[in-house]
Amino acid sequence: MKIMVVGGGGREHAIIRSLLKNPKVETIYAVPGNGGMKDDAVLVPIAATETDKIVAFAVENKIDYAVVAPDDPLVLGTVDALAAVGIPSFGPNKAAAIIEGSKVFSKNLMKKYNIPTAGYEVFDDPKKALAYLETAEIPIVVKADGLALGKGVIIATTREEAMDAVHSIMEDKVFGKSGNQIVVEEFLTGPEVSVLAFTDGKTMVPMVSSMDHKRAHDNDEGLNTGGMGTIAPNPYYTKEIADLCMETIFLPTMAAMNAEGRTFKGCLYFGLMLTPKGPKVIEYNCRFGDPETQVVLPLLESDLLTIMQAVTEERLDEVEVKFSNGAACCVVMASEGYPGKYEKGYPITMSDEARPHVFVAGASLKDGTVVTNGGRVLGVTAVEDTLAGAIKTAYARVNEVHFDNAFYRHDIGKRAMAALTKE
Ligand code: AMP
Ligand code: GLY
């Protein structure tokens with residue numbers, strides 16, 4: 001089979017490696033992929049958002065199955081465009097991808113169907129938003145409605161900060177049209193859990209839970225990033241909480257999307273906060289998380305391609321989705337300066353032992369050499385029987401991966417370990 005994977009980060013590298021385990025897979029085309037994937041996939045220099053070119057490439061190369069991984073192409077309707085030319089793919093259609101594409105949509109969905117989430121107000125007029133903030137309880141959270149490269153959420157600890165967020169999102173339009181509307185939301189507290197779930201609109205199969213580490217530096221200091229590391233499973237997510245989430249969040253969300261005529265087929269990502277009042281939805285994503293995928297898929301024992309095709313064909317109930325009882329850790333190695341300014345173009349080297357466990361995100365090819373080309377350069381992973389073992393092995397492998405100006409957090413999994421030992 002010829003498979004096309006749209007996207008070019010560490011998440012896509014992890015997806016490609018899992019798909020390659022299926023002997024039916026002959027070739028994987030990564031669109032655009034990145035230089036660090038050159039041994040696993042054929043790199044196709046088309047941007048993930050160039051829908052027409054992607055469709056033309058898929059037709060010309062007789063692609064049998066496609067996986068559309070990032071939010072932008074999903075929200076643009078790449079899955080619909082491929083379906084229109086008879087190419088089946090994994091991912092929600094445009095109508096369903098709105099669950100991530102519009103926070104106003106997702107908040108209103110949760111309200112309408114009684115799915116637990118933070119209390120909120122929607123504004124399309126900055127004056128009204130500012131008036132509301134005069135008396136609102138602080139801290140408060142301001143969110144741009146649309147996609148904003150992961151930067152559209154402002155946790156305001158002062159009234160001034162909240163008002164500044166309204167000015168920059170709604171008036172200065174720092175996120176463009178994504179800021180035409182905003183959600184102003186109650187500030188919640190509690191451990192965060194990421195749960196990715198396969199769903200075909202009829203069946204919902206949650207994957208092993210995970211924990212992201214969003215801040216750039218140790219002890220959760222520094223700026224918010226796309227994610228500096230992950231562990232799975234998340235020790236805060238007990239069987240009891242999982243059952244509660246299934247009943248109050250996962251199944252109701254699937255039913256709600258069906259009732260709205262927006263059946264969701266693909267990977268639905270639940271960003272949850274375990275608040276003192278129970279689990280609540282912080283955000284939905286219409287796709288696999290990054291870097292959650294880098295710890296979740298290595299724990300998947302069943303065949304990924306088989307599951308994905310079953311989702312597309314709405315027979316998820318017929319296939320086995322089995323995860324190992326072990327644990328996984330991913331340590332992201334980034335370019336010094338990220339998420340601010342950083343340099344690129346440094347050669348990346350690694351040992352042969354580490355290579356199969358490294359998922360490359362920000363790299364390109366320069367005269368045949370793989371060089372850094374992004375803020376988050378790669379994720380070094382490990383799977384072991386225990387979380388302590390996975391963390392230890394992942395950090396041992398970090399020592400076998402080199403590029404100039406690299407930095408990484410030294411405490412990935414520390415909070416999870418503390419939670420485990422408290423039990
Ligand atoms: P998002 O961009 O939606 O992933 O949000 C980024 C981060 O902001 C989340 O992972 C949470 O840590 C935090 N966050 C979002 N909404 C809230 C909220 N209502 N209360 C507290 N923290 C939040
Ligand atoms: N790790 C968070 C996300 O993928 O949005």
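What counts as what
- Residues numbered from 1 in each chain as written.
- Chains lettered and ligands numbered in written order.
- Predicted model: local features only at pLDDT ≥ 70, side-chain atom pairs only at ≥ 80, totals over all residues.
- Heavy atoms only, no water.
- Helix = DSSP H or I, 4+ residues; strand = E, 2+ residues; numbered from the N terminus.
- Rg over C-alpha atoms; globule rule 2.2 N^0.38 Å.
- Buried < 20%, exposed > 50% of the residue type's maximum accessible area, 1.4 Å probe, protein only.
- Contact = heavy atoms within 4.5 Å.
- Areas by Shrake-Rupley, 256 points an atom, 1.4 Å probe, with all protein chains shown as cover.
- Near = heavy atom within 4 Å.
- Polar contact = N/O pair within 3.5 Å; in protein donor to acceptor, adjacent residues only side chain to side chain.
- Pairing = 2+ DSSP bridges.
- Axes fitted to C-alpha atoms, helices over the stretch in contact; angles between N-to-C directions.
- Nonpolar A, V, L, I, M, F, W, Y, C, P; charged D, E, K, R; others polar.
- Core = buried A, V, L, I, M, F, W, Y, C linked by side-chain atoms within 4.5 Å.

Participant: Where do I start with the overall build of the chain in this structure?
Facilitator: Of the regular secondary structure elements, the chain holds 13 helices and 25 strands. Its C-alpha radius of gyration of 21 Å places the chain within 12% of the 22 Å reference for a compact globule of 423 residues. Residues classed as buried in the chain amount to 55% of the 423 residues present. Pairs at least 24 residues apart make up 68% of the contacts formed inside the chain by residues separated by at least 6 positions. Carbon together with sulfur atoms contributes 51% to the accessible area of the chain, which is approximately 17900 Å² in total.

Participant: Can you help me understand the site of ligand 2 in this one?
Facilitator: In the neighbourhood of ligand 2, the contacting residues comprise Asp-212, Tyr-269, Asn-285, Arg-287, Gly-289, Asp-290 and Glu-292. Within the side chain of Asp-212, an N or O atom sits 3.0 Å from a nitrogen atom of ligand 2. In this structure, an oxygen atom belonging to ligand 2 sits 2.9 Å away from a side-chain N or O atom of Arg-287. Relative to its free-state accessible area of 200 Å², ligand 2 is covered by the protein chains to the extent of 88%.

Participant: How do you make sense of the sheet that holds strand 7 (residues 140-144) when you look at a structure like this?
Facilitator: The 4 strands lie next to each other as 6-9-7-8, forming an open sheet whose pairing is antiparallel. Of all strands in the sheet, those bounded by a partner on one side alone are strand 6 (120-123) and strand 8 (153-156). For this sheet the average axis-to-axis angle between neighbouring strands, irrespective of direction, equals 20 degrees. Bridge analysis of strand 7 against strand 8 gives 4 bridges, and the strand direction is antiparallel. Looking at the pairing, Val-142 lines up with Ile-154 of strand 8. Packed onto the sheet, helix 7 (residues 126-135) meets strand 6, strand 7 and strand 9 (182-186) and runs at close to 150 degrees relative to strand 6.

Participant: Looking at this structure, I do not really get the site of ligand 1. What am I missing?
Facilitator: In the vicinity of ligand 1 there are 15 residues, among which Glu-185, Glu-186, Leu-188, Glu-192 and Glu-283 approach most closely. Measuring from a nitrogen atom of ligand 1, one finds a side-chain N or O atom of Glu-185 at 2.6 Å. In this structure, an oxygen atom belonging to ligand 1 sits 2.4 Å away from a side-chain N or O atom of Glu-192. Secondary-structure elements contributing two or more residues to the shell around ligand 1 are strand 7, strand 8, strand 9 and strand 17 (278-285). Split into classes, the residues belonging to the shell around ligand 1 amount to 8 nonpolar, no polar and 7 charged.

Participant: What should I look at first to understand the pairing of strand 4 (residues 65-68) in this one?
Facilitator: Looking along a regular strand, one sees side chains alternate from face to face of the sheet. Of the two faces of strand 4, the one lined by Tyr-65 and Val-67 and the one lined by Ala-66 and Val-68 are each fully buried. Bridging between strand 1 (residues 2-7) and strand 4 involves 4 bridges; their strand directions are parallel. From the neighbouring strand, Val-5 faces strand 4, where its bridge partner is Val-67.

Participant: What am I meant to see in the nonpolar core here?
Facilitator: In summary, soluble globular proteins display a tendency toward joint burial of nonpolar side chains. Counting residues in each nonpolar core, the largest one holds 44 residues, and the members touching the most others are Met-4, Ile-99, Phe-250, Phe-270 and Leu-272. For Phe-270, the contacting residues outside a window of four places in its chain are Val-193, Ser-194, Val-195, Ala-197, Met-204, Ile-249, Phe-250, Thr-253, Glu-283 and Tyr-284. Listed in part, the 42 residues of the second largest apolar core include Ala-30, Phe-198, Tyr-269 and Val-321.

Participant: Is there a simple way to think about unusual backbone geometry in this case?
Facilitator: Most peptide bonds take the trans configuration, and most residues that are not glycine carry a negative phi. Between Val-31 and the following residue, Pro-32, the backbone shows a cis peptide bond with an omega angle of 0 degrees. Relative to the assigned elements, Pro-32 resides in strand 2 (residues 27-32). Within the chain, Glu-314 stands out as a residue other than glycine whose phi angle is a positive 55 degrees. Structurally, Glu-314 is set in the loop between helix 11 (304-312) and strand 18 (327-335). Look at Glu-314 and you get partly exposed, because its relative accessible area is 32%. With a phi close to 65 degrees, Asn-405 is a non-glycine residue in the positive phi region. Mapped onto the secondary structure, Asn-405 falls in the loop between strand 24 (401-402) and strand 25 (406-407). Asn-405 sits in the partly exposed class, given a relative accessible area of 36%.

Participant: How should I be thinking about helix 6 (residues 103-112) in this particular structure?
Facilitator: One turn of an α-helix holds 3.6 residues; hence residues three or four places apart share an orientation. By the criterion of burial, helix 6 is predominantly enclosed, with 7 of the 10 residues buried. The set of residues buried in helix 6 consists of Lys-103, Val-104, Phe-105, Ser-106, Lys-107, Leu-109 and Met-110. Measuring from the backbone nitrogen of Val-104 back to the side-chain oxygen at the start of helix 6 gives 3.4 Å, which picks out Ser-102 as the cap.

Participant: In this structure, what is going on with helix 5 (residues 94-101)? I would like to understand it.
Facilitator: All of the buried residues along helix 5 are Ala-96, Ala-97, Ile-99, Glu-100 and Gly-101. Structurally, helix 5 contributes buried residues whose contacts are with helix 3 (71-76), helix 6, helix 9 (239-259), strand 16 (266-275) and strand 17.

Participant: In this structure, what is going on with the pairing of strand 17? I would like to understand it.
Facilitator: The buried fraction of strand 17 amounts to 6 of the 8 residues, a majority that puts the element mostly inside the structure. The sheet contact formed by strand 16 and strand 17 spans 7 bridges and is antiparallel. Paired with Leu-272 across the two strands is Val-281, which belongs to strand 17. A loop of 2 residues connects strand 16 with strand 17, the two strands running antiparallel in sequence.

Participant: Teacher, can you tell me more about the sheet that holds strand 11 (residues 204-206) here?
Facilitator: In a beta sheet, neighbouring strands are held together by backbone hydrogen bonds and run either parallel or antiparallel to one another. The antiparallel open sheet is built from 4 strands, whose spatial order is 11-10-16-17. Only two strands of the sheet have a single partner each, and these edge strands are strand 11 and strand 17. Strand-to-strand, the axes of this sheet are offset by a mean angle of 35 degrees, without reference to chain direction.

The quantities given are spatial measurements derived from coordinates; they are silent on function.
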